[in-house]
Amino acid sequence: MSVAAPIDALPPYARALGMVVDHIDDGCPVLAMDYSATVGGRPGYLHGGAIGGMLEMAAFAALRAHLSQRELDLRIKPVNVSIEFLRGGQAERTFARGTVLRAGRRLANVRVEAWQSDPQKPVASCWMNFLLSPR
Amino acid sequence: MEKDTDQLPRTGLVRAGVPFDPAKLGKLLNSNGHSGFIGMSYRDHGPDWVELGLPWREDLVGDPETGVLASGPIISLLDNATSMAAWVSQGEFRPQVTLDLRIDYLRAAARGKAIVARGECYRLRRTMAFVRGLAHDGDPSDPVAHATGIFMLVHGDEWAADGRDRAIRAEEK
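Keep in mind it's a predicted model, so treat the numbers as computed, not measured.

Caption draft 1: Spotlight on the packing of helix H2 (residues 48-69) of chain A against helix H4 (residues 71-90) of chain B. Where H2 of chain A contacts H4 of chain B, the two axes come as close as 8 Å, and the packing angle between them is 150 degrees. The angle between the axes of H2 of chain A and H4 of chain B places the two elements in the roughly antiparallel class. Where H2 of chain A crosses over H4 of chain B, the two elements pack in a sense that is right-handed. Counting all contacts with H2 of chain A, which are made through Gly48, Gly49, Ala50, Gly52, Gly53 and Glu56 of chain A, the residues of H4 of chain B involved are Ser71, Gly72, Ile75, Ser76 and Asp79 of chain B. A breakdown of the residues in the contact of H2 of chain A with H4 of chain B according to their chemical character gives two nonpolar, seven polar and two charged.

Set out below in structure tokens:
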């Protein structure tokens, strides 16, 4: 996804899993994903991969919004991600929001948290690093 | 209903304590829910590893400009392959929860190519399974992603309806 794309644009994978931009918080898109069979793991719970995929989409969205505010139309490539699963993801709406800790010329470091009914009780978190390059 | 097995903890689809046959149970685990949606399939296994596959699909793309698959399906595939590797290493199905999973993206997967992931359980302890995995899009010597993770193994009496939190609390004691 290009930095120039609208702030609420999401790639096909995110849309296929039912992710939407719920709202914009301080310039950063907050993603939401309703529970459905498409994202279910063992009965009644979210699949860890769907949670991981959502954290990544929130990391991309946060970084795109951050670069867009600085009018930097850079190419973004994921380098790595480390996901901590904190609680079982229940069969309910999940939210995820990223925070760009640092975005330099070549690298960006992003943190993401995902939560459900209680924002104080995250279900998963991750750090994700990106390589930035001129388009 | 067999009463004795009914007392065993369940994870829903498969009862705990059931001998783990990846070819058979893998089909059940991979054909439901999210795994089924993204099209996972069983390929092969050994004493401590399991290999799964995933076709390229337009609706799983992460970058519409290049057609590169999102990394989410690769996370899911490595998650399932490493989970199953932990079960095949134990010889039976036991509930477990993912503590963490780290993935390094070595290069972008090519448009239109199926992904293959092999998960390996390289160390099994009483409470933890240490796993790693590699994903490629045709050539195992040129992988697209490398994963390392830890699963917490849940023992029978620690499992309940809200098994994960109970299990973790039990670990903390």
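That was the structure; now back to the text.
Caption draft 2: Looking closely at H2 of chain A. Along its 22 residues, H2 of chain A runs 32 Å from first to last C-alpha, staying within 8% of the 32 Å computed at 1.5 Å per residue. Of all 22 residues making up H2 of chain A, 19 are buried, and the element is well covered by its neighbours.

Caption draft 3: Summary view of helix H2 (residues 22-31) of chain B. All names here are of chain B. Turning to H2, its buried residues are Pro22, Leu25, Gly26, Leu29 and Asn30. The buried side chains of H2 occupy one side of the element, clustering within an arc of 125 degrees when seen end-on. Opposite its buried face, H2 presents the exposed residues Lys24 and Lys27, each directed more than 90 degrees away. In the core, the buried residues of H2 are packed alongside helix H3 (33-37), strand S1 (41-45), strand S2 (49-54) and H4. The N-terminus of H2 is capped by Asp21, whose side-chain oxygen sits 3.1 Å from the backbone nitrogen of Ala23. Gly33 sits one or two positions beyond H2 and adopts a positive phi of about 50 degrees.

Procedures and definitions
- Residues numbered from 1 in each chain as written.
- Chains lettered and ligands numbered in written order.
- Predicted model: local features only at pLDDT ≥ 70, side-chain atom pairs only at ≥ 80, totals over all residues.
- Heavy atoms only, no water.
- Axes fitted to C-alpha atoms, helices over the stretch in contact; angles between N-to-C directions.
- Helix = DSSP H or I, 4+ residues; strand = E, 2+ residues; numbered from the N terminus.
- Parallel < 35°, antiparallel > 145°, perpendicular 65-115°, else oblique.
- Left-handed = near helix turned anticlockwise from the far one by under 90°.
- Contact = heavy atoms within 4.5 Å.
- Nonpolar A, V, L, I, M, F, W, Y, C, P; charged D, E, K, R; others polar.
- Expected span 1.5 Å × (residues − 1).
- Buried < 20%, exposed > 50% of the residue type's maximum accessible area, 1.4 Å probe, protein only.
- Arc of directions from axis to C-beta.
- Polar contact = N/O pair within 3.5 Å; in protein donor to acceptor, adjacent residues only side chain to side chain.

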